[in-house]
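Each chain, written out:
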Amino acid sequence: MIEQKPCYILAIESSCDDTAAAVLKNDLVLSNSIANQSIHEAYGGVVPELASRAHQQNIVPVVDQAIKKAGITKHQLDAIAFTRGPGLLGSLLVGTSFAKSLSMGLSIPLIEVNHLQGHLLSHFIADGNPNPTFPFLGITVSGGHTQIVKVTNYFTMEEIGRTQDDAIGEAFDKCGKVLGLGYPAGPHIDRLAKEGDPAAFTFPIPKAEGLNVSYSGFKTAVINFLHKNTQNNAAFIKENLADLCASIQYTLIEIIFTKIFKAVEQTGIKELAIGGGVAANSGLREKLQTTAKEKEWTVHIPPFAYTTDNAAMIGIVGYLKYRQESFAGLDQAATARLPI
Ligand code: KG4
Ligand code: ZN
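Residues numbered from 1 in each chain as written. Chains lettered and ligands numbered in written order. Predicted model: local features only at pLDDT ≥ 70, side-chain atom pairs only at ≥ 80, totals over all residues. Heavy atoms only, no water.

**Observations regarding helix H2 (residues 89-106)**
Filter applied, for reference: A run of H or I in DSSP becomes a helix once it reaches four residues, and a run of E becomes a strand once it reaches two; helices and strands are each numbered from the N terminus. What a helix is expected to span follows from its residue count: subtract one and scale by 1.5 Å. Any two residues whose heavy atoms approach within 4.5 Å are treated as being in contact.
Between its terminal C-alpha atoms H2 stretches 26 Å, which fits the 26 Å expected from 18 residues at 1.5 Å a residue. Where H2 is buried, its residues contact strand E1 (8-13), helix H1 (48-70), strand E4 (79-85) and strand E5 (110-114). Note on H2: the residue one or two positions beyond its end, Ser107, has a positive phi of about 55°.

Laid out in structure tokens, this is it:
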């Protein structure tokens, strides 16, 4: 075990459309820089080729900014952690190649990180909040993933439930697109839902086996419902926007919550940690907090900066692996698919 002396880790995240870099001193975040790619807004979704190109443009300035903000020089770095997968291959290749080159240039070790482990282990960042205790149920709700994971130790994780089709964030975004909201639509739905009645419209909760969930049927039901109603009244969406957002958000949350309840019941684990972009949703946060009180669960909800994709979460995994001297070879390759 490498211990005692504080270590500085540079972390790089480029799995989707955000180019992010962070510097950690042990488990403390010194800087957390991000360049969002607004180019995808015009297309209503991430365009992989444009994402790779934007990563190429952003990676050097973002890393430079993270190191400067941390108040150190690159020569003080002890290791470089990077997202190996899962994600868009072209995007991952930019971060991976950059991390390798810099690690060779500085002669410091390289640490590969699974993006999904990053979301769950972000709770171990020293941010003043108590860390989860093992075992806990990790719930990742993002644009690309929806899963329930039994976390027995830092790197002992078992997926016990997942989406069979679309991710919850994808369902937020696709429903928002038909409502005429900008991309990504999740935050818009969240904002508008606050003014609406969640019981105004009833949408079905799709069936899925065990602890799995399904979102694609729900999305189709919403699209058909809107299509039918706008045929009768062209202003239907405009006149009911807040109620539609509140009802859609309510059902999207119910779908995953049904399985969260079931997972707690099946495993007997009442310690829960949520992560991923949709963990920023105020309805979901509120429901988790009120349920935690009612059912005596301990719920960990990350600060906003660590919910959507960020490099600090890659850095904390980097630090935990650094302590175990779990380093990656230079032959390590990015991979679009990587189980947790
Ligand atoms: O974790 P993330 O940044 O990227 C992925 O790994 O996918 O998640 C992005 C997703 C998008 O679908 C976005 O609409 C959703 O998170 N999101 C939200 C909110 N903020 C971001 N969904 C609902 N409510 C929010 N406040
Ligand atoms: Zn993510």
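**Quick look at the sheet that holds strand E8 (residues 156-162)**
Formally: By the convention used here, strands pair only if DSSP detects at least 2 bridges between them. Every axis in this analysis is a line fitted to C-alpha atoms, fitted for helices over the stretch in contact. Angles between the N-to-C directions lie between 0 and 180 degrees.
Across the sheet, five strands lie side by side as E8-E7-E6-E9-E10; this open sheet has mixed pairing. Each edge of the open sheet is held by one strand with a lone partner, namely E8 and strand E10 (298-300). The sheet shows a mean angle of 25° between the axes of neighbouring strands, direction not considered. Pairing of strand E9 (residues 271-275) with E10 involves three bridges; the strand directions are parallel. Across the sheet, Ala273 pairs through a bridge with His300, a residue of E10.

**Points about the packing of aromatic side chains**
To keep things clear, this is the line we draw: The criterion for an aromatic pair is that two Phe, Tyr or Trp rings (for Trp, the six-membered ring) have centres within 6.5 Å, with stacked assigned to planes under 30 degrees apart, edge-to-face to planes over 60 apart and tilted to the rest. Burial here depends on accessible area, computed with a 1.4 Å probe over protein chains only, as a share of the maximum for the residue type. Under 20% is buried, over 50% is exposed, and the range in between is partly exposed. We count a charge as sitting over a ring when the NZ of a lysine or the CZ of an arginine lies within 6 Å of the ring centre and within 35 degrees of the ring normal.
Evaluation of the coordinates by the stated rule reveals 13 aromatic pairs. Here Phe124 and Tyr154 contribute two aromatic rings whose centre-to-centre distance is 5.1 Å and whose plane-to-plane angle is 75°, an arrangement assigned as edge-to-face. Taken together, the residues span a long stretch of sequence, with Phe124 in the loop between helix H3 (115-121) and strand E6 (136-141) and Tyr154 in the loop between strand E7 (146-153) and E8 at a distance of 30 residues. Its relative accessible area of 5% is what places Phe124 among the buried residues. Ring geometry for Phe225 and Phe236: centres 5.9 Å apart, planes at 70°, overall edge-to-face. In this pair, Phe225 sits in helix H6 (residues 216-232) while Phe236 sits in helix H7 (residues 236-267), placing the two residues 11 residues apart along the sequence. Three or more aromatic residues link up through ring pairs in this structure, and these residues are Phe201, Phe203, Phe218, Phe225 and Phe236. The ring of Phe304 has Arg285 lying over it, and the distance from NZ or CZ to the ring centre is 4.1 Å. In this structure, Lys287 packs its charged tip against the face of Phe257, placed 5.0 Å from the ring centre.

**Here's the deal with the sheet that holds strand E2 (residues 18-25)**
Sheet strands line up and pair through hydrogen bonds in the backbone, either parallel or antiparallel. Spatial strand order, E3-E2-E1-E4-E5: five strands in an open sheet with mixed pairing. The sheet terminates laterally at strand E3 (28-36) and E5, the two strands that pair on one side only. If you compare each strand with its neighbour and ignore which way they point, the axes differ by 20° on average. Examined bridge by bridge, E2 and E3 share eight bridges and lie antiparallel to one another. When the bridges of E3 are listed, Thr19 appears paired with Ala35. Seen against the sheet, H2 touches E1, E4 and E5 and runs at an angle of roughly 155° to E4. The strands touched by helix H9 (residues 312-323) are E1, E2, E3, E4 and E5; relative to E1, the strand with the most contacts, the crossing angle is about 135°.

**Notes on the coordination of the zinc ion (ligand 2)**
Coordination angles at a metal have ideal targets, namely 109.5 degrees for four tetrahedral donors and 90 or 180 degrees for six octahedral donors. Inclusion rule: Metal donors: N, O and S atoms at distances within 2.8 Å, or within 3.2 Å for Na, K and Ca, with water omitted from the atom set so that some sites may seem incomplete. Labels for metal geometry use angle windows, namely 85 to 135 degrees for all angles of a four-donor tetrahedral site, and for square planar (four donors) or octahedral (six donors) sites opposite donors over 155 degrees apart plus all others within 65 to 115; sites meeting none of these are irregular.
Protein ligation of the zinc ion (ligand 2) involves His115 (NE2), His119 (NE2) and Asp309 (OD), the donor distances falling in the range 2.1 to 2.2 Å. Geometry at the zinc ion (ligand 2) is irregular, judged from its four donor atoms and the angles of 94 to 147° they form at the metal. Counting gaps between the donor residues of the zinc ion (ligand 2) yields the pattern H-x3-H-x189-D. Highlighted residues: His119 in helix H3 and Asp309 in the loop between E10 and H9, separated in sequence by 190 residues. What makes Asp309 buried here is its relative accessible area of 16%.

**Regarding the site of ligand 1**
Under the convention used in this document: Neighbouring residues are identified by heavy atoms, a residue being near a molecule or strand if any of them is within 4 Å of it. Think of a polar contact as two N or O atoms within 3.5 Å of one another; within protein, one of them needs to be a possible hydrogen donor and the other a possible acceptor, and neighboring residues in sequence only count if both atoms come from side chains. Throughout, the Shrake-Rupley method with a 1.4 Å probe supplies accessible areas, and for residues the shown protein chains are the sole cover considered. The residue classification treats Ala, Val, Leu, Ile, Met, Phe, Trp, Tyr, Cys and Pro as nonpolar and Asp, Glu, Lys and Arg as charged. All others, Gly included, are polar.
Looking at ligand 1, there are 19 residues lining it, with Gly143, Asp173, Asp190, Gly277 and Asp309 nearest. Here Asn281 contributes a side-chain N or O atom positioned 3.0 Å from a nitrogen atom of ligand 1. Look at ligand 1: alone it shows 560 Å² of surface, and the protein chains cover 89% of it. Secondary structure elements with two or more residues in the shell around ligand 1: H3, helix H4 (168-178) and helix H5 (186-193). Residue composition of the shell around ligand 1, grouped by class: five nonpolar, 11 polar and three charged.

So yeah, pure geometry; function would need other evidence.
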